[in-house]
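One letter stands for each residue in the lines below.
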Amino acid sequence: AQKITQTQPGMFVQEKEAVTLDCTYDTSDQSYGLFWYKQPSSGEMIFLIYQGSYDEQNATEGRYSLNFQKARKSANLVISASQLGDSAMYFCAMRPYFTGTASKLTFGTGTRLQVTL
Amino acid sequence: EPEVTQTPSHQVTQMGQEVILRCVPISNHLYFYWYRQILGQKVEFLVSFYNNEISEKSEIFDDQFSVERPDGSNFTLKIRSTKLEDSAMYFCASTGGETGELFFGEGSRLTVL
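In this text the structure is predicted, and so the values were computed from the model without any measurement. (Residues numbered from 1 in each chain as written. Chains lettered and ligands numbered in written order. Predicted model: local features only at pLDDT ≥ 70, side-chain atom pairs only at ≥ 80, totals over all residues. Heavy atoms only, no water.)

Caption draft 1: Structural context of the overall build of chain A. The secondary structure content of chain A amounts to zero helices and 12 strands. The order of α-helices and β-strands along chain A, N terminus first, is β-β-β-β-β-β-β-β-β-β-β-β. Over its C-alpha atoms chain A spans a radius of gyration of 14 Å, differing by no more than 12% from the 13 Å that the globule rule assigns to 117 residues. Across its three principal directions, the C-alpha atoms of chain A cover 45 × 30 × 25 Å. Among the 117 residues that make up chain A, the fraction classed as buried is 50%. Here the contacts in chain A between residues at least 6 apart in sequence split such that 55% fall between residues at least 24 apart. Here chain A displays about 5600 Å² of accessible surface, and carbon together with sulfur accounts for 49% of that area. Counting 10 positive and 10 negative side-chain charges, chain A places the centres of these two groups 5 Å from one another. (Helix = DSSP H or I, 4+ residues; strand = E, 2+ residues; numbered from the N terminus. Rg over C-alpha atoms; globule rule 2.2 N^0.38 Å. Buried < 20%, exposed > 50% of the residue type's maximum accessible area, 1.4 Å probe, protein only. Contact = heavy atoms within 4.5 Å. Areas by Shrake-Rupley, 256 points an atom, 1.4 Å probe, with all protein chains shown as cover. Lys, Arg positive; Asp, Glu negative; His and termini not counted. Charge placed at Lys NZ, Arg CZ, Asp CG, Glu CD.)

Caption draft 2: Region of interest: the side chain of B:Ser48. In this structure, B:Ser48 sits in strand E5 (residues 43-50). Among the residues examined, B:Ser48 registers a relative accessible area of 0% and is labelled buried. A distance of 3.1 Å separates a polar side-chain atom of B:Ser48 from the backbone oxygen of A:Ala102. Ignoring any residue separated from it by four or fewer positions in sequence, one finds B:Ser48 in contact with A:Ala102, B:Phe32, B:Tyr33, B:Glu53, B:Ile54, B:Ser55 and B:Glu56. (Polar contact = N/O pair within 3.5 Å; in protein donor to acceptor, adjacent residues only side chain to side chain.)

Caption draft 3: Just the interface of chain B and chain A, in detail. Contacts between the two partners involve 23 residues from chain B, matched on the other side by 22 residues from chain A. For the salt bridge of B:Glu56 with A:Lys104, the shortest nitrogen-to-oxygen distance reads 3.1 Å. Here chain B is connected to chain A by 14 residue pairs in polar contact (both at pLDDT 80 or more). (Salt bridge = Lys/Arg side-chain N within 4 Å of Asp/Glu carboxyl O.)

Caption draft 4: Expanded view of the pattern of salt bridges. Residues and elements named next belong to chain A. All chains considered together, the criterion is met by four salt bridges over all chains. The shortest N-O distance in the salt bridge between Lys73 and Asp26 comes to 3.4 Å. Of this pair, Lys73 sits in the loop between strand E8 (64-69) and strand E9 (74-79) while Asp26 sits in strand E4 (residues 24-26), placing them 47 residues apart in sequence. Asp26 gets classed as partly exposed once you look at its relative accessible area, which sits at 46%.

Caption draft 5: Structural view of the packing of aromatic side chains. Per the stated rule, a full pass over the model turns up 19 aromatic pairs over all chains. Here the aromatic rings of A:Phe107 and B:Tyr35 are separated by 5.7 Å at their centres, their planes lie at 85 degrees, and the arrangement is edge-to-face. Residue A:Phe107 is found in strand E11 (residues 106-107), and its partner B:Tyr35 is found in strand E4 (residues 31-37); the two belong to separate chains. Each residue in the set A:Phe35, A:Tyr37, A:Phe47, A:Tyr50, A:Phe91, A:Phe107, B:Tyr33, B:Tyr35, B:Phe45, B:Phe91 and B:Phe104 is aromatic and connected to the rest through ring pairs, giving one cluster. Looking at A:Arg63, its charged tip hangs above the ring of A:Tyr64, at a distance of 5.7 Å from the centre. Over the aromatic face of A:Tyr54 sits the side chain of A:Lys70, whose NZ or CZ is 4.6 Å from the ring centroid. (Phe/Tyr/Trp six-rings, centres within 6.5 Å; stacked < 30°, edge-to-face > 60°. Lys NZ or Arg CZ within 6 Å of the ring centre and 35° of its normal.)

Caption draft 6: Up close: the pairing of E9(A). All names here are of chain A. Buried residues dominate E9, accounting for five of its six residues. One ladder, built from three bridges, connects strand E3 (residues 19-21) with E9; its direction is antiparallel. Bridge assignment links Thr20 to a residue of E9, and that residue is Val78. In this structure, the hairpin formed by E8 and E9 is closed by a connection of four residues, where Lys73 is found at a positive phi of approximately 55 degrees. (Pairing = 2+ DSSP bridges.)

Caption draft 7: Focus on the layout of surface pockets. Considering only enclosed or pocket space, the largest pocket measures out at about 330 Å³ in volume. Of all the secondary structure elements, the ones that give two or more residues to the lining of the largest pocket are strand E6 (46-52) of chain A together with strand E10 (103-104) of chain B. Considered class by class, the residues forming the lining of the largest pocket number 10 nonpolar, one polar and five charged. (1 Å grid on protein atoms, 1.4 Å probe; cavity = no way out; pocket = protein on both sides within 12 Å on 5 of 7 lines; lining within 4 Å. Points joined across faces, edges and corners; volume = space filled by probe spheres on them. Nonpolar A, V, L, I, M, F, W, Y, C, P; charged D, E, K, R; others polar.)

Caption draft 8: Local environment of the sheet that holds strand E7 (residues 65-68) of chain B. Residues and elements named next belong to chain B. Strand order in the open sheet formed by four strands is E1-E3-E8-E7, with antiparallel pairing between adjacent strands. With one partner strand each, in any of the chains shown, strand E1 (5-7) and E7 form the two edges of the open sheet. Strand-to-strand twist of the sheet, defined as the mean angle between neighbouring strand axes without regard to direction, takes the value 15 degrees. Here strand E3 (residues 19-24) runs beside strand E8 (residues 75-79); their pairing, made up of five bridges, is antiparallel. Note that in E8 the partner of Cys23 across the bridge is Phe75. (Axes fitted to C-alpha atoms, helices over the stretch in contact; angles between N-to-C directions.)

Caption draft 9: Spatial organisation of the environment of A:Pro40. All names here are of chain A. With respect to the element layout, Pro40 can be found in the loop between strand E5 (32-39) and E6. Overall, Pro40 belongs to the buried group, its relative accessible area being 18%. Spatially, the C-alpha atom of Pro40 lies 8.7 Å from that of Gly85, the residues being 45 residues apart in sequence. Among all residues touching Pro40, those that are not within four sequence positions of it are Ile46 and Ala88.

Purely geometric numbers; function is a separate question.
Laid out in C-alpha coordinates, this is it:
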(Lines give C-alpha, C1' and ligand atoms only; values in the text may rest on other atoms or scores of the structure.)
Protein backbone atom coordinates (compact mmCIF):
# COMPACT_ATOMS: atom_id res chain seq x y z
CA ALA A 1 0.00 0.00 0.00
CA GLN A 2 1.12 3.54 -0.65
CA LYS A 3 0.71 6.53 1.61
CA ILE A 4 1.27 10.21 0.86
CA THR A 5 1.62 12.79 3.62
CA GLN A 6 1.29 16.53 3.10
CA THR A 7 1.72 18.24 6.45
CA GLN A 8 0.98 21.80 5.35
CA PRO A 9 -2.76 22.38 5.05
CA GLY A 10 -2.18 25.98 3.98
CA MET A 11 0.71 28.15 2.85
CA PHE A 12 1.10 31.83 2.02
CA VAL A 13 3.75 33.26 -0.30
CA GLN A 14 4.37 36.71 -1.66
CA GLU A 15 4.26 37.26 -5.38
CA LYS A 16 7.63 36.67 -7.07
CA GLU A 17 8.95 34.68 -4.12
CA ALA A 18 9.73 30.96 -4.17
CA VAL A 19 7.75 28.46 -2.10
CA THR A 20 8.27 24.81 -1.17
CA LEU A 21 5.34 22.47 -0.65
CA ASP A 22 6.23 19.39 1.37
CA CYS A 23 5.41 15.80 0.50
CA THR A 24 6.58 12.56 2.05
CA TYR A 25 5.59 9.12 0.94
CA ASP A 26 5.69 5.54 2.07
CA THR A 27 5.70 2.52 -0.19
CA SER A 28 7.15 -0.96 -0.43
CA ASP A 29 7.18 -0.79 -4.22
CA GLN A 30 10.55 -0.73 -5.98
CA SER A 31 9.37 1.24 -8.99
CA TYR A 32 7.00 4.13 -8.72
CA GLY A 33 6.23 7.60 -9.95
CA LEU A 34 5.67 10.75 -7.96
CA PHE A 35 3.39 13.47 -9.25
CA TRP A 36 2.13 16.90 -8.38
CA TYR A 37 -1.27 18.15 -9.48
CA LYS A 38 -2.76 21.62 -9.16
CA GLN A 39 -6.45 22.14 -8.47
CA PRO A 40 -7.61 25.74 -8.95
CA SER A 41 -10.93 26.93 -7.56
CA SER A 42 -12.62 25.89 -10.81
CA GLY A 43 -12.03 22.28 -9.73
CA GLU A 44 -10.08 20.62 -12.52
CA MET A 45 -6.94 18.56 -11.82
CA ILE A 46 -3.92 19.88 -13.71
CA PHE A 47 -0.78 17.76 -13.96
CA LEU A 48 2.35 19.75 -13.10
CA ILE A 49 5.41 17.55 -12.78
CA TYR A 50 6.57 13.95 -12.54
CA GLN A 51 9.54 12.13 -11.00
CA GLY A 52 10.30 8.47 -11.53
CA SER A 53 11.80 6.54 -8.65
CA TYR A 54 14.87 5.65 -10.70
CA ASP A 55 15.45 9.13 -12.07
CA GLU A 56 18.65 10.47 -10.59
CA GLN A 57 18.06 14.05 -11.62
CA ASN A 58 15.36 16.16 -10.05
CA ALA A 59 12.53 16.94 -12.45
CA THR A 60 11.94 20.49 -13.64
CA GLU A 61 9.09 21.98 -15.66
CA GLY A 62 9.33 25.71 -16.15
CA ARG A 63 8.85 27.34 -12.74
CA TYR A 64 8.18 23.99 -11.09
CA SER A 65 10.87 21.70 -9.76
CA LEU A 66 10.64 18.56 -7.69
CA ASN A 67 13.15 18.12 -4.89
CA PHE A 68 13.37 14.32 -4.78
CA GLN A 69 15.19 12.75 -1.83
CA LYS A 70 14.68 9.03 -2.15
CA ALA A 71 16.39 8.03 1.10
CA ARG A 72 14.13 10.41 3.00
CA LYS A 73 11.10 9.44 0.90
CA SER A 74 10.32 13.03 0.15
CA ALA A 75 9.21 14.73 -3.05
CA ASN A 76 8.79 18.42 -2.34
CA LEU A 77 7.47 20.80 -4.99
CA VAL A 78 9.29 24.08 -5.43
CA ILE A 79 7.52 26.90 -7.24
CA SER A 80 9.83 29.74 -8.19
CA ALA A 81 8.73 33.32 -8.87
CA SER A 82 5.17 32.79 -7.59
CA GLN A 83 2.33 34.37 -9.50
CA LEU A 84 -1.19 35.23 -8.38
CA GLY A 85 -2.46 32.49 -10.68
CA ASP A 86 -0.56 29.92 -8.63
CA SER A 87 -3.13 30.27 -5.84
CA ALA A 88 -4.74 26.83 -5.73
CA MET A 89 -4.79 23.48 -3.96
CA TYR A 90 -1.73 21.33 -4.67
CA PHE A 91 -1.80 17.55 -4.40
CA CYS A 92 1.16 15.22 -4.20
CA ALA A 93 0.46 11.72 -5.52
CA MET A 94 2.23 8.46 -6.29
CA ARG A 95 1.65 5.45 -8.47
CA PRO A 96 3.43 2.06 -8.40
CA TYR A 97 4.79 0.82 -11.71
CA PHE A 98 4.85 -2.50 -13.50
CA THR A 99 2.11 -4.15 -11.53
CA GLY A 100 0.46 -5.63 -14.62
CA THR A 101 -2.79 -3.85 -13.77
CA ALA A 102 -4.25 -0.36 -13.87
CA SER A 103 -2.25 0.79 -10.86
CA LYS A 104 -3.94 3.60 -9.03
CA LEU A 105 -2.70 7.06 -8.17
CA THR A 106 -2.80 7.71 -4.42
CA PHE A 107 -3.19 11.33 -3.33
CA GLY A 108 -2.17 13.28 -0.26
CA THR A 109 -4.57 15.59 1.52
CA GLY A 110 -3.33 18.64 -0.33
CA THR A 111 -1.83 22.04 0.49
CA ARG A 112 -3.75 25.21 -0.22
CA LEU A 113 -1.38 27.88 -1.52
CA GLN A 114 -2.32 31.53 -1.42
CA VAL A 115 -0.13 33.99 -3.32
CA THR A 116 -0.31 37.55 -1.99
CA LEU A 117 0.73 40.90 -3.44
CA GLU B 1 -4.49 18.39 -27.51
CA PRO B 2 -6.41 15.22 -26.60
CA GLU B 3 -8.36 15.39 -23.38
CA VAL B 4 -10.66 13.39 -21.15
CA THR B 5 -14.23 14.63 -21.37
CA GLN B 6 -16.96 14.11 -18.79
CA THR B 7 -20.70 14.61 -18.87
CA PRO B 8 -22.71 15.98 -17.23
CA SER B 9 -20.70 18.75 -15.60
CA HIS B 10 -23.31 19.01 -12.86
CA GLN B 11 -26.21 16.74 -11.91
CA VAL B 12 -28.77 17.19 -9.19
CA THR B 13 -30.74 14.12 -8.18
CA GLN B 14 -33.06 12.89 -5.49
CA MET B 15 -31.88 10.35 -2.94
CA GLY B 16 -32.56 6.81 -4.15
CA GLN B 17 -32.34 7.67 -7.84
CA GLU B 18 -29.93 6.07 -10.27
CA VAL B 19 -27.21 8.22 -11.78
CA ILE B 20 -24.89 7.53 -14.70
CA LEU B 21 -21.77 9.62 -15.14
CA ARG B 22 -20.13 9.44 -18.53
CA CYS B 23 -16.52 9.76 -19.57
CA VAL B 24 -14.71 9.67 -22.87
CA PRO B 25 -11.05 8.85 -22.14
CA ILE B 26 -8.21 9.81 -24.44
CA SER B 27 -8.55 7.58 -27.48
CA ASN B 28 -5.36 5.51 -27.33
CA HIS B 29 -5.37 5.08 -23.55
CA LEU B 30 -5.84 1.65 -22.03
CA TYR B 31 -6.23 2.28 -18.29
CA PHE B 32 -9.25 4.03 -16.84
CA TYR B 33 -10.15 5.30 -13.40
CA TRP B 34 -12.86 6.94 -11.35
CA TYR B 35 -12.06 9.14 -8.37
CA ARG B 36 -14.27 11.26 -6.16
CA GLN B 37 -13.69 14.35 -4.09
CA ILE B 38 -16.12 15.44 -1.43
CA LEU B 39 -16.09 19.24 -1.25
CA GLY B 40 -12.83 20.52 0.24
CA GLN B 41 -11.51 17.06 0.95
CA LYS B 42 -9.06 14.52 -0.37
CA VAL B 43 -9.21 12.96 -3.83
CA GLU B 44 -10.31 9.37 -3.21
CA PHE B 45 -9.80 6.40 -5.49
CA LEU B 46 -12.93 4.48 -6.45
CA VAL B 47 -12.03 2.01 -9.18
CA SER B 48 -9.55 1.20 -11.92
CA PHE B 49 -10.32 -0.63 -15.15
CA TYR B 50 -8.11 -2.36 -17.68
CA ASN B 51 -8.62 -4.94 -20.39
CA ASN B 52 -12.40 -4.77 -19.96
CA GLU B 53 -12.42 -5.60 -16.30
CA ILE B 54 -12.00 -3.98 -12.92
CA SER B 55 -8.36 -4.02 -11.80
CA GLU B 56 -8.92 -2.67 -8.31
CA LYS B 57 -11.69 -1.08 -6.30
CA SER B 58 -11.75 0.73 -2.99
CA GLU B 59 -14.03 0.07 -0.04
CA ILE B 60 -16.12 3.04 -1.18
CA PHE B 61 -16.96 1.17 -4.40
CA ASP B 62 -19.66 -1.06 -2.96
CA ASP B 63 -22.54 -2.88 -4.67
CA GLN B 64 -24.26 0.41 -5.42
CA PHE B 65 -21.50 1.32 -7.85
CA SER B 66 -20.68 -0.20 -11.22
CA VAL B 67 -18.53 0.70 -14.20
CA GLU B 68 -18.87 -0.18 -17.82
CA ARG B 69 -17.08 0.38 -21.08
CA PRO B 70 -20.02 -0.20 -23.39
CA ASP B 71 -18.19 0.65 -26.59
CA GLY B 72 -14.70 1.65 -27.69
CA SER B 73 -14.93 5.20 -26.44
CA ASN B 74 -17.16 5.60 -23.36
CA PHE B 75 -16.45 4.69 -19.75
CA THR B 76 -19.37 5.05 -17.38
CA LEU B 77 -19.89 5.08 -13.63
CA LYS B 78 -23.34 4.09 -12.39
CA ILE B 79 -24.65 4.67 -8.90
CA ARG B 80 -27.79 2.56 -8.50
CA SER B 81 -29.48 4.21 -5.55
CA THR B 82 -27.86 7.48 -4.57
CA LYS B 83 -27.37 8.53 -0.96
CA LEU B 84 -26.80 12.00 0.44
CA GLU B 85 -23.16 11.13 1.11
CA ASP B 86 -22.61 10.41 -2.60
CA SER B 87 -22.66 14.17 -3.18
CA ALA B 88 -19.17 14.91 -4.52
CA MET B 89 -17.12 15.77 -7.58
CA TYR B 90 -16.45 12.65 -9.61
CA PHE B 91 -13.34 12.60 -11.77
CA CYS B 92 -12.63 10.24 -14.61
CA ALA B 93 -8.99 9.68 -15.57
CA SER B 94 -7.08 7.69 -18.14
CA THR B 95 -3.49 6.85 -18.96
CA GLY B 96 -1.71 5.11 -21.77
CA GLY B 97 0.55 2.73 -19.92
CA GLU B 98 1.94 1.38 -16.69
CA THR B 99 3.98 4.53 -16.11
CA GLY B 100 3.27 8.20 -16.38
CA GLU B 101 0.64 10.59 -15.23
CA LEU B 102 -3.11 10.16 -15.20
CA PHE B 103 -5.03 12.62 -17.33
CA PHE B 104 -8.14 13.87 -15.58
CA GLY B 105 -11.43 15.13 -16.94
CA GLU B 106 -12.94 18.32 -15.60
CA GLY B 107 -15.21 16.39 -13.26
CA SER B 108 -18.92 15.81 -12.79
CA ARG B 109 -20.42 17.43 -9.73
CA LEU B 110 -23.15 15.28 -8.23
CA THR B 111 -25.58 16.78 -5.75
CA VAL B 112 -27.95 14.39 -3.99
CA LEU B 113 -30.95 16.00 -2.27
